[in-house]
2 protein chains.
Amino acid sequence: MNPTDTAPLTSRFPTPIDDRYFEDYVPGAVHRFGEMRVTEQEIVDFARRYDPQDFHTDPAKAAGTIFGGLIASGWMTCGMMMRMYSEHYLTHNASLASPGIDELRWLKPVRPDDVLSTRVTIVEARRSVSKPDRGLVRSRIEVLNQRDEVVLSMLAMNLIGCRNPSAN
Amino acid sequence: MNPTDTAPLTSRFPTPIDDRYFEDYVPGAVHRFGEMRVTEQEIVDFARRYDPQDFHTDPAKAAGTIFGGLIASGWMTCGMMMRMYSEHYLTHNASLASPGIDELRWLKPVRPDDVLSTRVTIVEARRSVSKPDRGLVRSRIEVLNQRDEVVLSMLAMNLIGCRNPSAN
């Protein structure tokens, strides 16, 4: 598998990602997508710049830590999630930024050769009262490894433009 | 300035970072450190791999978006925070992992040539009851730009080993 391959596993959206609006994010819907392989090289390269702790940058020293070997920076796992999320879930034509994230949890270590995918459950979709051309979508994001273990979980917010800004 | 230069501005820790334990994280203490310059190249390189949206990867297309120009992926800003946090704040000898982050908020866009620094306020330091060799430290992290505007805020948790595991 190509490590940059993030082909979707399943997708239940009614519209393609470049014609996707607030109305297409339906609370309760579950979307599963992406497949990215973690490599030792990427773990080390990322961590040297952004998270230079021994258990992320040095396989030999990592073996002597509580983790028993090299693990990915939790921020790299967030980055891999975002790659899958932006390629398969988040509208390419109506995304208006994200205010932030709640309840981010690193639940299991991510190691070289793990294969990650993403599952998103839409928790809430609320039309803005003050700016009716957009709405706020809250999504429970889970990143899973090849054993279907959840390694990362978070609750994301996205502001998304409406297809029909004048509708009530 | 070298873009990898993250020299501390101030530090009030009683101990150096390679001899720093749970006991050295005192609630109410404020630590300010780091200085990292954001470049267009790094914004684009990061986003091509982890967050391929036009306003992160393409200066020309970004000019036509609501942001009016290229902005850094919020996850890259998290990575730059982590670089400063791990170099100047988080113990190098007693860090036992982070369970996660709460209330992560991207408050202002981060643009090329911004210079970021980090301010940490220790919110809570609680000895573990079940595992008395460690404690949980909660830190309010803020990333500021060269105008002292807070661009990113979050509440982080870190498990940190105790200097005196047998003390009560």
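Residues numbered from 1 in each chain as written. Chains lettered and ligands numbered in written order. Predicted model: local features only at pLDDT ≥ 70, side-chain atom pairs only at ≥ 80, totals over all residues.

Peer 1: So, the overall build of chain A: which residues are in play, and what are the values?
Peer 2: Across its full length, chain A carries four helices and five strands. Along the chain direction, N to C, the helices and strands of chain A fall in the order β-α-α-α-α-β-β-β-β. If you line up chain A on its principal axes, its C-alpha atoms span 60 × 30 × 25 Å. Residues classed as buried in chain A amount to 38% of the 168 residues present. Of the contacts formed within chain A by residues at least 6 apart in sequence, a portion of 70% connects residues at least 24 apart. (Helix = DSSP H or I, 4+ residues; strand = E, 2+ residues; numbered from the N terminus. Buried ≥ 20, exposed ≤ 12 C-beta atoms within 10 Å, placed from the backbone. Contact = placed C-beta atoms within 7 Å.)

Peer 1: Can you explain the nonpolar core? Please cite residues and give values.
Peer 2: By size, the foremost hydrophobic cluster in this structure holds 70 residues, and its most contacted members are A:M81 and B:M81. Those residues in contact with B:M81 that lie beyond four places of it in its chain are B:T118, B:I141, B:V143 and B:L152. (Core = buried A, V, L, I, M, F, W, Y, C linked by C-beta atoms within 7 Å.)

Peer 1: Run through the relation of the copies chain B and chain A, naming residues and quoting values.
Peer 2: Rotating chain B by 180 degrees about the axis while translating it 0.0 Å along that axis superimposes it on chain A, leaving an RMSD of 0.0 Å. This pairing of chains is accounted for by a two-fold axis. Using C-alpha coordinates, one finds that chain B approaches the rotation axis most closely at B:D102, a distance of 2.6 Å. Mapped onto chain A, 100% of the interface residues of chain B again fall at the interface, so both copies present the same surface. (Least-squares fit on C-alpha atoms with pLDDT ≥ 70 in both.)

Peer 1: So what about the interface of chain B and chain A? Which residues, and what values?
Peer 2: Tallying the contact residues gives 25 residues for chain B and 25 residues for chain A. At the level of secondary structure, the elements contributing two or more residues to the side of chain B that touches chain A comprise α1 (40-50), α4 (74-88) and β2 (100-106) of chain B. It is α4(B) that provides the largest number of residues to the side of chain B that touches chain A, a total of eight residues. Of the residues contributing to the side of chain B that touches chain A, the split by class is twelve nonpolar, seven polar and six charged. As defined by bridge partners, strand β2 (residues 100-106) of chain A adjoins β2(B) across four bridges and the pair is classed as antiparallel. Paired with A:G100 across the two strands is B:R105, which belongs to β2(B). (Nonpolar A, V, L, I, M, F, W, Y, C, P; charged D, E, K, R; others polar. Pairing = 2+ DSSP bridges.)

Peer 1: Any chance you could break down the sheet that holds β2(A) for me, citing the residues and the numbers?
Peer 2: On the basis of which strands lie adjacent, the open sheet formed by ten strands has the order β1(A)-β3(A)-β4(A)-β5(A)-β2(A)-β2(B)-β5(B)-β4(B)-β3(B)-β1(B) and antiparallel pairing. The open sheet terminates on both sides in strands that have one partner only, identified here as β1 (30-37) of chain A together with β1 (30-37) of chain B. For this sheet, the mean inter-axis angle between neighbouring strands, taken without regard to orientation, is 20 degrees. Note: β1(A) against strand β3 (residues 115-127) of chain A, six bridges, orientation antiparallel. Bridge pairing links A:M36 to A:L116 in β3(A). Sitting on the sheet, helix α4 (residues 74-88) of chain A touches β1, β2, β3, β4 (134-144) and β5 (150-161) of chain A, and the angle it makes with β1(A) is about 120 degrees. On the sheet, α4(B) packs against β1, β2, β3 (115-127), β4 (134-144) and β5 (150-161) of chain B and is oriented at approximately 120 degrees with respect to β1(B). (Axes fitted to C-alpha atoms, helices over the stretch in contact; angles between N-to-C directions.)

Peer 1: Please give an account of the environment of B:D54 that cites residues and values.
Peer 2: Residues and elements named next belong to chain B. Structurally, the position occupied by D54 is in helix α2 (residues 54-57). In this structure the C-alpha to C-alpha distance between D54 and I141, which are 87 residues apart in sequence, comes to 28 Å. Discounting residues that sit within four places of it in the chain, D54 has contacts with K61, A62 and T65.

Peer 1: Before we move on, could you go through unusual backbone geometry and cite the residues and values that matter?
Peer 2: Residue and element names in this part refer to chain A. We note that A97 has phi near 95 degrees; this positive angle belongs to a residue other than glycine. Its place among the elements puts A97 in the loop between α4 and β2. On the neighbour-count criterion, A97 (17 C-beta atoms within 10 Å) is partly exposed. Residue D113 is not a glycine yet carries a positive backbone phi of 75 degrees. With respect to the helices, strands and loops of the structure, D113 is situated in the loop between β2 and β3.

Peer 1: An account of α1(B) is requested, with residue identities and associated values reported.
Peer 2: Three or more residues of α1(B) are buried, namely B:I43, B:F46, B:A47 and B:Y50. End-on view of α1(B): buried residues confined to an arc of 95 degrees, all on one side of the axis. Lining the buried residues of α1(B) we find α4 of chain A together with α2 and α4 of chain B. (Arc of directions from axis to C-beta.)

Peer 1: Quick one: what's the story with the pairing of β3(A), residue by residue and with numbers?
Peer 2: All names here are of chain A. Two strands pair when backbone bridges link them, and β3 and β4 are joined in this way by ten bridges, in the antiparallel orientation. Residue pairing in the sheet places V120 in a bridge with I141 of β4. The hairpin turn running from β3 into β4, its antiparallel successor, is six residues long.

Peer 1: Account for the packing of α4(A) against α4(B), naming residues and giving values.
Peer 2: As a packed pair, α4(A) and α4(B) sit with axes 10 Å apart at the nearest point and diverge in direction by 175 degrees. The angle between α4(A) and α4(B) places the two elements in the roughly antiparallel class. Contacts from A:W75, A:C78, A:G79 and A:M82 of α4(A) reach α4(B) at B:W75, B:C78, B:G79 and B:M82. Its residues placed into classes, the contact of α4(A) with α4(B) shows six nonpolar, two polar and no charged. (Parallel < 35°, antiparallel > 145°, perpendicular 65-115°, else oblique.)

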